[in-house]
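The chain contents come next:
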Amino acid sequence: MIRADNPLRDWCVDPSAIRYLGRDLQRPECILAEKDGTLWSADARGGVMRIGSNGSQQLVVQEADPHFDISVDAAGSLLGGTLPNGLAFARNGDILISNFGTDRLEVMTRDGRTRVLADSIDGKPMGKVNFVLRDSRDRLWVTISTNINPWSDAVTPALADGSICLIDKKGSRTVADGFHFTNEIRFDAAEEWLYVAETTAKRVTRLRVQPDGSLTDREVYGPSSLGDGAIDGIAFDAYGNLWATMVFADRLVAITPEGDLLELLADGNPSATARFEAEFASGSPVSFDTLMACGGTICPWLASITFGGPDLSTVYLGGLRATRIPAFTSPVAGLPMVHWNEGIGPRRGSVA
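A brief look at the structure comes next. Values in this document were obtained by computation on a predicted structure and should not be read as measured data.

**Points about the sheet that holds strand 15 (residues 171-179)**
So, point 1. Taken together, 4 strands build an open sheet; the order of strands is 12-13-14-15 and the sheet is antiparallel. The sheet is open, and its two borders are formed by strand 12 (129-134) and strand 15, each paired with just one other strand. When the angles between neighbouring strand axes are averaged without regard to direction, this sheet yields 20°.
So, point 2. Pairing between strand 14 (residues 162-168) and strand 15: 7 bridges, direction antiparallel. Within strand 15, the position partnered with Gly162 by the bridge is Phe179.

**Some remarks on the packing of aromatic side chains**
So, point 1. Taken as a whole and judged by the stated rule, the model has 12 aromatic pairs.
So, point 2. Note on Trp141 and Phe187: the rings are 5.7 Å apart at their centroids and 80° apart in plane angle, and the pair reads as edge-to-face. One end of the pair, Trp141, is in strand 13 (residues 140-144); the other, Phe187, is in strand 16 (residues 182-187), with 46 residues separating them in the sequence.
So, point 3. Given the relative accessible area of 0%, Trp141 is considered buried.
So, point 4. Residue classification places Phe187 among the buried positions, given a relative accessible area of 10%.
So, point 5. Between Tyr195 and Phe236 the ring centres are 4.9 Å apart and the planes differ by 80°, which places this aromatic pair in the edge-to-face class. Here the residue Tyr195 occupies a position in strand 17 (residues 193-198), and Phe236 occupies one in strand 20 (residues 230-236), the gap between them amounting to 41 residues.
So, point 6. A relative accessible area of 4% means that Tyr195 is categorised as buried.
So, point 7. The class for Phe236 is buried, based on a relative accessible area of 7%.
So, point 8. Among the aromatic residues, ring-to-ring pairing joins Trp11, Trp243, Phe307 and Phe328 into one connected group.
So, point 9. Directly above the aromatic system of Phe100 lies the positively charged group of Lys128, at a separation of 5.8 Å from the ring centroid.

**Focus on the nonpolar core**
So, point 1. Counting 31 residues, the largest nonpolar core has Trp243, Leu252, Leu264, Ile305 and Phe328 as the members making the most contacts within it.
So, point 2. In this structure, Leu264 is in contact with Leu8, Trp11, Cys12, Val13, Trp243, Leu252, Val253 and Ala254, ignoring residues within four places of it in sequence.
So, point 3. Residues Cys30, Ala42, Ile95 and Ile164 belong to the second largest nonpolar core, which totals 26 residues.

Reading the values: the criteria
- Residues numbered from 1 in each chain as written.
- Predicted model: local features only at pLDDT ≥ 70, side-chain atom pairs only at ≥ 80, totals over all residues.
- Heavy atoms only, no water.
- Pairing = 2+ DSSP bridges.
- Helix = DSSP H or I, 4+ residues; strand = E, 2+ residues; numbered from the N terminus.
- Axes fitted to C-alpha atoms, helices over the stretch in contact; angles between N-to-C directions.
- Phe/Tyr/Trp six-rings, centres within 6.5 Å; stacked < 30°, edge-to-face > 60°.
- Buried < 20%, exposed > 50% of the residue type's maximum accessible area, 1.4 Å probe, protein only.
- Lys NZ or Arg CZ within 6 Å of the ring centre and 35° of its normal.
- Core = buried A, V, L, I, M, F, W, Y, C linked by side-chain atoms within 4.5 Å.
- Contact = heavy atoms within 4.5 Å.

Quick look at the structure:
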């Protein structure tokens, strides 16, 4: 039962209240927000787009890759080449980039100098590096969605080859595996539990974090299925609701602390979503043509959610086929990420 004091009770996104930031963006899958209003969005040209609070844009990249053009070659654009995906700030202000196209974890300074931080794990190629999350102890948690290439062939409930890697002072290692397309991960406020979006299982799984970085007590969090679409991005608000994007169906939902499911926005194409669900239920990989038919108009292939603004009550949405960033005001602030109170801009030190 949804508690009466939950700010999301009886609330949903008003499409007419959505505003848009950025222009001509390329695959803004993940977005980072800073206190001064600066946004950093992943960009398929091989780096990030910095969007200032005044609306100014600056592409930050070592060498721009021109391969991304959905209108000319959708498959080549979305399935190959450099594909910066999940982002995180290192403590020194550098940007950690999970590159879903080059299958490696990269680190980039704010002036575009880039180097590879990791391209193998346990002596093997990393696979489809999807997301990176830094905790308060400066450990890096990295998700590997699959070892299947192209990744679209892994959009099936029959495959569970995803994993989570940990990079700390001891080195890098796999700490959990057997996930259905491991996607975004988040900690609760106490960093007691790690929450995992299992894209092709349509669910969230959580694991208890031990002091040494091992993960135990694995369990499904909330409903066993979140419904139409495939879960992609997740983020907690300050009340304890876990917001989630459902890519392809372009739904925004939330799991309450009690485990109830709320639908906050639905912007998909109903007929295309039905086609996706039918193919997905067959157990075979969903065809790329079907995937391309899916999506709405607000944030096509809705993939991520980020809280920002001075009071963390502004919600920013990222989309794999979007060219701008939708934003709206939430009735509840987001849970601050680890970088939020560390200051703004480049800082001393370097990433290991």
